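This is what each chain is made of:
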Amino acid sequence: MVHRRRVTVESSSSSDSDSDSDCSSASSHKTSPTSPMDKSAHSSRKRKRKSSDNGDDDKTRCSNRPQLQKDHNEEPSHQERTKNPGEIHLGEVQQVIITAIRAADLTLGLRRIPAGFHVVFEADGVEYQTSNKSVHVDQAVVEWHERILLPREPSSKVWVSVYASFELGPMLCHGELLRTFEISVGELLDRSEKSHPIIFPPKQDEVISACSSLFMTLEQQLSDENDIAVLCPPTTLTSGGDVDTLAPWTDSGHRLLAQYRRMQNRRDLDQSIDHFEHALDICPMDHPCRPAALFNLATAKLINCQANETYPDLDIPISIFQDALDLRPTGHPDRPITQLHLAIALLSRFTKRGFQTDVHAAKELLREVIDVCHANSHIHRAALLAIETSDPAACIDANNLGQEWPAASMLRLSPGQLADQVEWCLQTDDDPRALDEAISHHYNALGYYSTTHASRGQLLCDLRIMLDTRFERRGNAEDLDQAIALQREVLAWHPVGHPDRSTSLDDLANGLSTRFDHRGNDEDLDQAIALGREALALRPVGHTDRSMSLNNLAVDLSTRFHHRGNAEDLDQAIALQREGLSLLPVGHTDRSMSLNNLAAIALQREVLAWHPVGHPDRSTSLDDLANGLSTRFDHRGNDEDLDQAIALGREALALRPVGHTDRSMSLNNLAVDLSTRFHHRGNAEDLDQAIALQREGLSLLPVGHTDRSMSLNNLAVDLSTRFHHRGNAEDLDQAIALGREALALCPVGHTDRPMTLGNLAVRLSTRFDHRGNAEDLDQAIALHREGLSLLPVGHTDRSMSLNNLAVDLSTRFHHRGNAEDLDEAIALAREALALRPVGHPDRSKSLGNLAVKLSTRFDHRGDAEDLNESRENLRCALTLLTQHDPHRLLVHRSLANVYLSFHRTGLEATGGPGEDTDSLNVAMHHYKAAAKFVPGGLLFRLRASLHWVRRADQHRHATELEAYGTSMQLMDAYMSATASVSSRRRAMKDFPSTLAVDAASCALRNGDVRRAVELLEQGRTIIWTQMTRLRTPLDTLQIRSDHAAALMKRFRDLSSLLDRPPASHADATQIVDVEAADARYRRLVEDWNGVVEEIRKVEGFSRFLLPPVFADLHEAACDGPIIVLIASESSCDAIIIPHKQSPTSIRLPTNLEKLQTLVVRFQRTSRPALAKALIELWDDVVRPVVDILGGFARRHSRIWWCPTSVFNFLPLHAAGEYRFHGQFLSQLYISSYTPSLTALIKARRHDRSLLVSFAAIGQDHPPGASFTLECVEPELELVRNLLPPPPTISFTKITSVDATRSRALRALQDNTWLHFSCHGTQNNEDPFNSAFLMRDRPLSLLDITQTDLSQHEFAFLSACDTAAGDPSTPDEVIHLAAGLQFAGVKSVVGTLWKVTDATVQRLVEEFYKNFCKDGKMNSKRAARALHQAVQSLASDKDLPLEQRILFVHIGI
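Keep in mind that this is a model prediction, so the values were computed, not measured. Counting restarts for each chain, with residues numbered from 1 along the sequence as it is written. Totals for whole chains, interfaces and linings use all residues, but because this is a predicted model, local features are given only for residues with pLDDT of at least 70 and pairs of side-chain atoms are given and counted only at 80 or more. Note that water and hydrogens are dropped before the side-chain values are worked out from all heavy atoms of the structure.

Right, let's get into the sheet that holds strand β10 (residues 157-165). Taken in spatial order, the four strands line up as β7-β6-β10-β11 in an open sheet, and their pairing is antiparallel. Strand pairing shows two members of the sheet lacking a second neighbour, β7 (126-129) and β11 (176-184), which therefore form its edges. Neighbour-to-neighbour, the strand axes of the sheet open up by a mean angle of 20°, direction not taken into account. A strand pair is defined by DSSP finding two or more bridges across the two strands. Helix numbers and strand numbers start at the N terminus; a helix is a DSSP run of H or I with at least 4 residues, a strand a run of E with at least 2. For strand β6 (residues 116-123) and β7, the ladder comprises four bridges, and the chain directions are antiparallel. The residue bridging Glu122 from the neighbouring strand is Glu127, located in β7. Throughout, a residue-residue contact means that at least one pair of heavy atoms, one from each residue, lies within 4.5 Å. For helices, the fitted axis covers only the stretch in contact; all axes are lines through C-alpha atoms, and the angles between them, taken along N-to-C directions, range from 0 to 180 degrees. Strands in contact with helix α1 (residues 185-194) are β10 and β11; relative to β11, the strand with the most contacts, it is inclined by about 100°.

Set out below in structure tokens:
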């Protein structure tokens, strides 16, 4: 089975100067994010396949490997002995001190997991011991930086011993002796000075041995008593009776156990057990080393049970391990190793007796080990291995626990010893250094085994095999080149007539074929086929290897067919495979491989049938069949093949649970197919699943794994794809980071470097398109140039690389204007197109990309030939795409841009048969086709519709109003799939903020006032609309039928789930968890949309949750006319909406620029400036409305303002002439505001509650406040006194330390009448974090939106900036007062800016006097009560004007 892999990603052309010209994915300039084909997410990708025959490509090649011979003649270079302790003597004049020790390869050859390693020195009868250091799996060298005193005489002898210990806590003994030798102080000094380490050969009868080298750094210095304190102290011995012999007995037990592991002499094992038993007997019950004594004995007895197969005796070591564990509580350094061995013993017993309690207990122990141990420790790895093999078919052998694979000796090796190294290296890939050393030794050996030596041929073969292996693991192209060169020499050793010539021919053909796969050089493939034919000729009918030669030659012919399309190659390949299959009867071990390589899906199904449920190879067959179906889909496009491939991939993954060696491969392959399906159908769930699978797969491939770079690349491709479809910049940044890591794993010479260069370049180019950092673009071009230089003419990926470089050069031309960049881009695009002849699956993309660049050149040079060629290329590209291919959207958009160029320049654009000859009409037709092309995806359709809007508006085309309607419909659908209100607001900022008002202006230009109102209502307050949809009452639906009642319940359940606040993800949250939550939200949205569609089928509910029509909207004016104010670039208008009458539009004598200036002027505080601004507001906006309003509303009646755009920031209610006897709006009408007509209608729907529960919430000094609000407490008492007494109302007051966020939120939920007196903040960076400041933390707008206030009547917000709004998204009306109304509060009083204590005290008193004057509570009185309170303050000249006008009323 092979990991399917993306080979590289392909860009499409950069957009034209107005950012519209994408064919396949030109990223747009400034306003438009990159489209999907720009950095084509369905670029090719790696897919790894591992089949039962150990093949390494889609078609499995076979090879004969020469037999390896063994010969042992190494001897150790130092005598080994034991040591005796003694006493310390400091030198009087000069000291010799060891300051550092470095030991290499301490774990090689060990058959037990060590707790740590230490070194012991003995000199002059004194023993010194270093600290005990643990070692990680990938740690080749252990260092000690401890000062050890040596004798000062150079001739003095020092005994050095290196040990592996088996406990980290109180050490019972030294442990297993790895190396021991005697050396003089003088030689140590000499080696230290020359940096010569001591090199150890393998021990006798061992291929490798632990501790391959030891190096000590020494210093000579004068004696200083101050240094004594920092010297390593001498080893102290226990004293008292038998305890003195505890360590020697234990050391002896370890020595015998190690000897048994090497020699398998049962007598050694028995003696080891005797020594450990004696050590336990003499160890007191309360001795700190007793758990170590128990552990050692249990280990030896467990090995004995497995060696003698006396499994009933397993109860004994299990019991002893348990006793040891009981003495090593949680936190003890040796508890994990004890748990590991106890778990292994339990699993051993489970495999023989089948007690489920054993396997459950073992897994619990192993999980704890994994939780507490470093992921790169030997104990952690062993625990993972134990879990992986904890099934009835697996049995863990304690005799081999922790075994490491060997490394090479540093001495000259015999051919047999070299062969041993080869065998070890080919059996494991855990230690890459072992393979490097073996290759190095083989190169050295070729130097001293001459060309006439009988062993040279064997050495060449073995070295070639290892170079092939290293290439497969690391991808360094030099290894492959050297392997091929060596194989050519091997072939020269086997001339015509030699019995091994056919094998050498076949091996060389394999190498050349592999190199073709990675570099695409046709010459390699042709040579491989020629060599394969010669090899086949040497294996006539009856030859044992004929079927293998038939297979290999067929594979190469099939490969050539896929690259050149010569049907004769395919016919020959099939004929050869059929002959090969005929030579492998049913039951032959290679038959399934031959069936697979014959590449017929039916035959792959036959292989799968051979492997029913429960067969160990079923997952492999499932994956192979999935690969075949996926490949056939790539060539034929049959959706059923892809669906089947995904289903098979899921089954294969289920058979490879966590811990399975092939799980990462299954994760990758399934992810690739899901990603492919996303590109063809656009289901976002497929892409999310693919990313989640790729993340898990990557986590299973640690640094150093040969497949990590492939996994990094595949995940980066999918993240980049998701960025293109959703616009989340984090996805793109992650993709770039992953790409950089992948590139670092593919150095110069690595076969995957061109692909990785291209992928990273595409991501950087995309980021440039979205952020404009020129460094990203320059890096992208440099990376593309390097990648292209690595893909010679004839390479299959050259056309893609040419295209990508052309895209970025074209982009750079747009930004810097260098004509050479554009000309080079066109030349490269032409070369890419030439490499994709008719029939090539990517020809349409190349046609589109070249067309975009030609169109760009026409815009800059005016050569009509360029424009005509561009149009013809795009037409041709469109005919090559299927009706459901998402790329059609981009081709339509590019065609629209080309036809606009024809229209702009007046050139004749003859259409096709039946096509409109008016270039502008044709352009709009293609924009419309792009916006309405469902397979293109919501985001791309939305972007296309916005291009349509811009061009239709620019040319005042008849489709302008339809374009606006389509855009707002798509905007609504796109926003509904966004999980949180904050993310919706961020998404809104990526699109034109004036879309709704521009649409309304367009409708007014067309004389359709009703449509203008509908478009405003549809396109504004989108975020609030999304939220209120989820809280829509459906009581009348329930009584229709049982089906309708079920729909109502389903709608409420899904709405409740969607209305829950999304989890707030901490920085440390796994990103895969965040993505899974987003994916779940999108699935809920899909289900919710489905239920809504079903509800619309019920009689009377056909318009359920659809954008409201004017016939419904005019009901908002039932209590008084509504004035909608529209400010757009084209005009500023007012629409008066009376009840039961036609709306009237008024062109206002102002423009957007003047209004924006007016908003700035209102930020000034001086009375003359403010009054002048209010006069201008009266003249330009309010008076023209008042002049008409008299026909719809009597004086002193109520009116409602519904401002849009910049009107949201103007105090319309305070407009007037501000002169003696001048007119003021407040003298004529009582003004209220509403953020939308729908909000006002909704506020009137529910009946008024008879129970008045009133909460007064005050906080005078929250954390971080610069001053105390002195009037909070008096204000709340004033409110209490002015409200009607009980039982008319129930009153609750929360102030001071009690006014916390949680208490305030509870009061907000439990009371339907509210008064806030506190600090308020409007957060323009994140408006949903605008808040009332409480004692502990803020009560935010987001908190309010997540609270059901549908029965609430009234809220008075005595705080600053509660109705200020967000300037960046004005038509979303995001502030505290609007939030309360959208959450359900009928009537709200808020503030436009900062308010003083003096103002509040006076206004609150006047307001509540009028509000409660007859002892009754009615929220409809709030507007009139506020109006009267403000009027009462008007005569107070001591109160600043800005304080008299800052309170506003919102709602009924």
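Right, let's talk about helix α6 (residues 315-326) for a bit. How far a helix is expected to stretch is found by multiplying one less than its residue total by 1.5 Å. Over its twelve residues, α6 extends 16 Å from the first C-alpha to the last, a length consistent with the 16 Å expected when each residue adds 1.5 Å. Three labels apply to residues, based on accessible area from a 1.4 Å probe with only protein chains included: buried if under 20% of the type maximum, exposed if over 50%, partly exposed otherwise in between. Buried within α6 are the following residues: Pro317, Ile318, Ile320, Phe321, Ala324 and Leu325. End-on view of α6: buried residues confined to an arc of 165°, all on one side of the axis. Contacts from the buried residues of α6 go to α5 (290-308), α7 (335-353) and α8 (356-372). Taken from the helix axis, the directions to the C-beta atoms give the arc we talk about.

If you trace the backbone, Arg1198 turns up in strand β17 (residues 1198-1203). It turns out Arg1198 is buried and unbridged, and the closest side chain with the opposite charge, Asp1119, is 6.1 Å from it. Two N or O atoms form a polar contact when they lie within 3.5 Å of each other; inside protein one atom must be a possible hydrogen donor and the other a possible acceptor, and for residues adjacent in sequence the pair counts only when both atoms belong to side chains. Of the polar contacts made by the side chain of Arg1198, one reaches the side chain of Ser1232; its length is 2.9 Å. A polar contact is formed between the side chain of Arg1198 and the backbone oxygen of Ile1452, at a distance of 3.3 Å. Positive charge is attributed to Lys and Arg, negative charge to Asp and Glu, and no charge count is given to His or to the chain ends. Salt bridges are counted wherever a side-chain nitrogen of Lys or Arg sits within 4 Å of a carboxyl oxygen of Asp or Glu.

What follows concerns the confidence of the model for the protein. You can read pLDDT as the predictor saying how much it trusts each residue, on a scale of 0 to 100. When the pLDDT values of the protein are averaged, the result is 81; 80% of them are 70 or greater. For residues 1-10, every residue scores under 50 in pLDDT, and the model assigns this stretch 97 contacts once sequence neighbours within four places are set aside. Throughout residues 12-93 the model reports pLDDT below 50, and contacts reaching past four residues in sequence, or to other chains, amount to 349 contacts.

Taken together, three strands build an open sheet; the order of strands is β22-β23-β24 and the sheet is antiparallel. Bordering the open sheet on either side are β22 (1320-1321) and β24 (1339-1340), each of which pairs with just one other strand. In terms of strand pairing, β22 meets strand β23 (residues 1331-1332) through two bridges, oriented antiparallel. Residue Gly1320 lies in a different strand from β23, and its bridge partner there is Phe1332.

Tallied over the full model, the rule gives 69 salt bridges. Between Asp688 and Arg722 there is a salt bridge whose closest N-O contact spans 3.2 Å. Placement of Asp688 in helix α23 (residues 684-699) and of Arg722 in helix α24 (residues 708-726) is noted, with a sequence separation of 34 residues between them. When its relative accessible area of 5% is taken as the criterion, Arg722 is described as buried. Taken together, the shared-partner salt bridges in this structure form one network comprising Asp688, Arg722, Arg726 and Asp731.

Glancing now at unusual backbone geometry. Among all residues save glycine, negative phi is the norm, and among peptide bonds the norm is trans. Here the amide bond leading from Pro1286 into Pro1287 is cis, since omega sits at 5°, within 30 degrees of zero. Located in the positive-phi region is Lys1140, a residue other than glycine, with phi close to 65°. Structurally, Lys1140 is set in the loop between β15 (1132-1137) and β16 (1144-1147). On the basis of relative accessibility, which here comes to 60%, the residue Lys1140 falls in the exposed class. Despite not being glycine, Ser1296 has its phi angle at roughly 55°, a positive value. Within the element layout of this structure, Ser1296 appears in the loop between β20 (1289-1294) and α49 (1301-1310).

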